[in-house]
Amino acid sequence: MEEFFQQLTNGLAVGGIYALIALGYTMVYGVLKLINFAHGDLFTIGAYLGFTLFTAFGLAGWVSGPGGVLLVLVMVMGLVALIGFLLERVAYRPLRSSSRLSAVVSALGASIFFQNAVMLIYGAKFQVYPNDIRPSYVLSIMGIDVPLVRIMMIAASLGLMLALYWFTQRTRIGAAIRATAIDQGAAKLMGIDVNRVISLVFMIGPALGGVAGVMVGLYYGQVDFTMGWVYGLKAFTAAILGGIGNIPGAMVGGLLLGVIEALGAAYISIAWKDAIAFLVLILILIIRPTGLLGERVADKI
Amino acid sequence: MFLELRDLHVKYGNVEALHGINVHVDEGEIVTILGANGAGKTTTLMSISGLVQPSQGGVYFKGKALHEMPSHAVVREGITQSPEGRRVFGTLTVLENLNLGAFTSNDKARIRKTRDWIFELFPRLLERKDQLAGTLSGGEQQMLAIGRALMGDPKVLLLDEPSLGLAPILVKSIFETVRAINKTGMTVVLVEQNARAALKLATRGYVLEVGRVVMEDSAANLLANTDVQDAYLGGSGH
């Protein structure tokens, strides 16, 4: 029972990260029908920016307690949002009226560019997050010990997801995003500036991905320049699992994938962890290609 | 001049869909554009809304060149459209669809007033305001598309085939509503295949044939014209 509970909370923490990244894939797919293959690298950039900020602030003696962590998270969100905005302007907007394949190639190119840029700036070795930032308390819940950092991660990712859900469902701009995803032409007839909606989506998604990067750094204590590949692929799987283009789907898909993976690693074999995740992808594509909550078929990438 | 299309050419790739049409609409009129499938009626409305760009010539509204503006700026100028095929946002509620029609406005009191008026025009929309638009019947979706276009408080309302696929009784009621909307002083441009009903409603009309204006006259004259009767009114009209 204790083992199960440990794995469940661990799965939810990792699943929250998958969900945050998956939201970026799914929102971009929603408005542009494009898989932003550079999204995983934006997550990596977030992790490294977090590393830089924590280290710099640590040297200056500024980071103390949750306030400092929050400050870094907000700064990383802003910076990665800016990079996402520029990415869309440089790599995708000029290709808007070209074939879909051109945009995919451009996305892969952007991914390679970002990954190598991070490697050149920070080096190919992994970097270690300062270990005095993350809380080392262990909570005891009904006699089971759970690290506080895990609870905080689950709370942070759920909080961000709820905020995003509220934003898309309850605000005027959120409705404009949903309308643009359904029918760009009709959205234009409403007086919606579709280009601004697309820019906004390219800021929200990367901001969430960047936060996820910092969270991974805090949780595991280290980051490396290839981390975006595996996390990106897992989050992409989560987005497909929930139904690509569907915002609640990405949230459910991410959490579910994290839990499946954690339980699989515990009860089957840790060596099979990644294989289980991708088996889920294959199964969902065979059995229910629209994903759990999706209505639309993801026909082509 | 209120609204004017001047020597408007539109190309889709290498194919020219409009070969230089001239259309003018005066304030307070209902102008109808008639023509067979593929004559260029929808292209005409889409170039007014700025969703297709002219290759030559342009669209002018109160002296401003609409074709040089992005589509969302055209809406801000006071020109909205209920497009062909309705194109309501299916997974959004009726109320959300209507509110998006007022996306360019920040005047909450005005928006509420317009919404109340639309619910008076189309009581069915009020009954179904929390329902997803995709679950409405065709007629209700048409009402929603027109209501959504009205939410922008337009000076000119563009209607593309509002009668398409609707039962005759509904067509009649929608056309009566268009008349009521026009009585409030709103200018209407109506694209229709149902030429008889459109001409009975309109002040003036244009007939498009494969991207050219071939006739232009008062609605009464067009209704009496034997060529129009043969081609669009299903024979002599007796």
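Remember, it's a predicted structure, so these values are computed and weren't measured experimentally. (Residues numbered from 1 in each chain as written. Chains lettered and ligands numbered in written order. Predicted model: local features only at pLDDT ≥ 70, side-chain atom pairs only at ≥ 80, totals over all residues.)

1. Description of the overall build of chain B
Selection criterion: Starting at the N terminus, helices and strands are each numbered in turn, a helix being any DSSP run of H or I of at least four residues and a strand any DSSP run of E of at least two. Each radius of gyration reported is based on C-alpha atoms, and the globular scaling rule is 2.2 Å times the count of residues to the power 0.38. Residue burial is a threshold on neighbouring C-beta atoms within 10 Å of the residue's own C-beta, all placed from the backbone, with 20 or more meaning buried, 12 or fewer meaning exposed, and counts in between meaning partly exposed. Placing a C-beta atom from the backbone of each residue, one calls two residues in contact when those atoms lie within 7 Å.
Each helix and strand in chain B was counted, giving ten helices and ten strands. Compactness check: chain B gives a C-alpha radius of gyration of 17 Å against a globular reference of 18 Å for 238 residues, within 12% of the reference. Projected onto its principal axes, the C-alpha coordinates of chain B cover approximately 45 × 45 × 30 Å. Taken over 238 residues, chain B has a buried fraction of 46%. Sequence separation of 24 or more characterises 65% of the internal contacts of chain B that already satisfy a separation of 6 or more.

2. Points about the overall build of chain A
Within chain A, the regular secondary structure consists of eleven helices and four strands. By the compact-globule yardstick of 19 Å for 301 residues, chain A fits well, its C-alpha radius of gyration being 19 Å. Its C-alpha atoms give chain A principal-axis dimensions of roughly 55 × 45 × 40 Å. Every one of the 301 residues in chain A was classed for burial, and the buried ones make up 50%.

3. Section: the interface of chain A and chain B
Note: interface size is frequently given as the accessible area lost on complex formation between the parts. Rules: In this count, Pro and Cys sit with the nonpolar residues alongside Ala, Val, Leu, Ile, Met, Phe, Trp and Tyr, while Asp, Glu, Lys and Arg are called charged and the others, Gly among them, polar.
Each partner contributes to the interface: chain A provides 15 residues, whereas chain B provides 21 residues. Mapped onto the side of chain A that touches chain B, the elements with two or more residues apiece are α6 (172-182) and α7 (184-189) of chain A. The dominant element in the side of chain A that touches chain B, judged by the number of residues it contributes, is α6 of chain A, at six residues. The residue inventory of the side of chain A that touches chain B, partitioned by class, reads eight nonpolar, two polar and five charged.

4. Structural notes on the pairing of strand β7 (residues 156-160) of chain B
Residue and element names in this part refer to chain B. Where we set the bar: Should DSSP find at least two bridges between two strands, the strands are taken to pair. Orienting the strands away from the viewer, one traces the path from the first strand over the helix to the second; a clockwise path indicates a right-handed crossover.
With five of its five residues buried, β7 lies for the most part within the structure. In β7, alternate side chains face the same way, and those of V156, L158 and D160 on one face and L157 and L159 on the other are all buried. As judged from the five bridges shared by β7 and strand β8 (residues 187-192), these two strands associate in the parallel manner. Within the sheet, the bridge partner assigned to V156 lies in β8 and is T187. What joins β7 to β8 is helix α7 (residues 168-183), and the crossover it makes is right-handed.

5. A short note on the pairing of strand β2 (residues 15-25) of chain B
Residues and elements named next belong to chain B. The sheet contact formed by strand β1 (residues 3-12) and β2 spans eight bridges and is antiparallel. Paired with K11 across the two strands is E16, which belongs to β2. Hairpin geometry of β1 and β2 is characterised by an intervening segment of two residues between the two adjacent antiparallel strands and by a positive phi of about 65° at G13.

6. Digging into the sheet that holds strand β3 (residues 30-35) of chain B
Residue and element names in this part refer to chain B. Here is the rule we go by: In this analysis, axes come from line fits to C-alpha atoms, helices being fitted only over the stretch in contact, and the angle between any two N-to-C directions falls in the range 0 to 180 degrees.
Judged by pairing direction, the sheet is mixed, and its six strands sit side by side in the order β6-β7-β8-β3-β9-β10 without closing on themselves. Where the open sheet ends on each side, the last strands, each with one partner, are β6 (79-82) and β10 (212-218). The mean angle between the axes of side-by-side strands here comes to 15°, regardless of whether they run parallel or antiparallel. Relative to β8, β3 is paired through five bridges, and the arrangement is parallel. Considered in β8, the bridge of I30 is made with V188. The strands touched by helix α1 (residues 41-49) within the sheet are β3, β6, β7, β8 and β9 (204-209), with β7 carrying the most contacts at an inclination of about 150°. Along the sheet, α7 makes contact with β3, β7 and β8, crossing β8 at roughly 155°.

7. Quick look at the confidence of the model for chain A
Residues and elements named next belong to chain A. Applicable threshold: pLDDT is a residue-level measure of predictor confidence that goes from 0 to 100.
Chain-level pLDDT for chain A is 92 on average; 97% of the residues reach the 70-or-more range. Mean pLDDT in chain A bottoms out at strand β2 (residues 138-141), which sits at 82, and peaks at α7, which reaches 98. Confidence drops under a pLDDT of 50 for residues 297-301, and excluding neighbours within four residues, the segment shows eight contacts in the predicted structure.

8. Thoughts on unusual backbone geometry
Residues and elements named next belong to chain B. One non-glycine residue with positive phi stands out, namely R86, at about 70°. The residue E161 is not glycine, and still its phi comes out positive at about 50°. Here E161 lies in the loop between β7 and α7.

9. Considerations on the sheet that holds strand β4 (residues 54-61) of chain B
What links the strands of a sheet is backbone hydrogen bonding, and the strands pair in either a parallel or an antiparallel sense. Here four strands make up an open sheet; going across it, the order is β2-β1-β4-β5 (chain B) and the pairing antiparallel. Strands at the two margins of the open sheet, each flanked by one partner only, are β2 and β5 (64-65) of chain B.

10. Section: helix α1 (residues 2-32) of chain A
Residues and elements named next belong to chain A. Put simply, the rule reads: Every helix has an expected span of 1.5 Å times one less than the residues it contains.
Here α1 spans 44 Å end to end across 31 residues, near enough to the 45 Å set by a 1.5 Å rise per residue. Summarising burial for α1: 24 of the 31 residues are buried, a large majority. K33 sits one or two residues past α1 and shows a positive phi near 55°.

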